[in-house]
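# Inside the fold
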Amino acid sequence: RPDTDRAGHTQTLERTETRKPRLWRVLLLNDDYTPMDFVVLVLERYFRKTEQDAELIMLAVHHKGQGVAGVYTRDIAETKVAQVTQLARQEGYPLRVLAEPEG
Ligand code: TYC
């Protein structure tokens, strides 16, 4: 917004617009083979859930088919998907984890 000071010089008030990044949900999908304890460990270690929350989320996924492990910016969400998928495969489990944009 231009304005003039006492000397008649144009002053410009600078405004920096910041936009919030789109957030991505990291989803856990149910399957018949991944052990419940492994899913709880993943929720604690990669999604910083308490043991109680991790158990509730794991059971919700087990019963409903899928559930939200956490919500992050895109890079963080994709990194979590890659890390958890790698660990699950290393252990021989078919656990599916994916990221989807929110909103
Ligand atoms: N259904 C699995 C079992 O009975 C447990 C499980 C829960 C697997 C959540 C995947 O995302 C998952 N061992």
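Note that the structure is predicted; figures quoted are calculated from it, not measured. (Residues numbered from 1 in each chain as written. Predicted model: local features only at pLDDT ≥ 70, side-chain atom pairs only at ≥ 80, totals over all residues.)

## Overview of the environment of glycine 65
Inspection of the secondary structure assignment puts glycine 65 in the loop between α2 (51-64) and β4 (66-72). C-alpha of glycine 65 to C-alpha of leucine 29: the two residues are 36 residues apart in sequence and 5.9 Å apart in space. Among residues more than four places away in sequence, those in contact with glycine 65 are Leu29 and Asn30. (Helix = DSSP H or I, 4+ residues; strand = E, 2+ residues; numbered from the N terminus. Contact = placed C-beta atoms within 7 Å.)

## Overview of the pairing of strand β3 (residues 24-29)
Side chains of β3 alternate between two faces, with Trp24, Val26 and Leu28 buried and Arg25, Leu27 and Leu29 left unburied. Pairing of β3 with β4, which is carried by six bridges, proceeds in the antiparallel orientation. Across the sheet, leucine 27 pairs through a bridge with valine 68, a residue of β4. Sheet analysis places β3 next to strand β5 (residues 96-101), joined by six bridges and oriented antiparallel. Across the sheet, residue leucine 29 finds its bridge partner in β5, namely arginine 96. (Buried ≥ 20, exposed ≤ 12 C-beta atoms within 10 Å, placed from the backbone. Pairing = 2+ DSSP bridges.)

## A word on the site of the ligand
With respect to spatial proximity, 13 residues lie near the ligand, and among them Leu28, Thr34, Val39, Val61 and His62 are the closest. Of all the secondary-structure elements, those providing two or more residues to the shell around the ligand are β3, α1 (36-45) and α2. The greatest single-element share of the shell around the ligand, amounting to three residues, is contributed by α2. Partitioned by chemical class, the residues of the shell around the ligand number eight nonpolar, three polar and two charged. (Near = placed C-beta within 6 Å. Nonpolar A, V, L, I, M, F, W, Y, C, P; charged D, E, K, R; others polar.)

Purely spatial values, then, with no claim about function.
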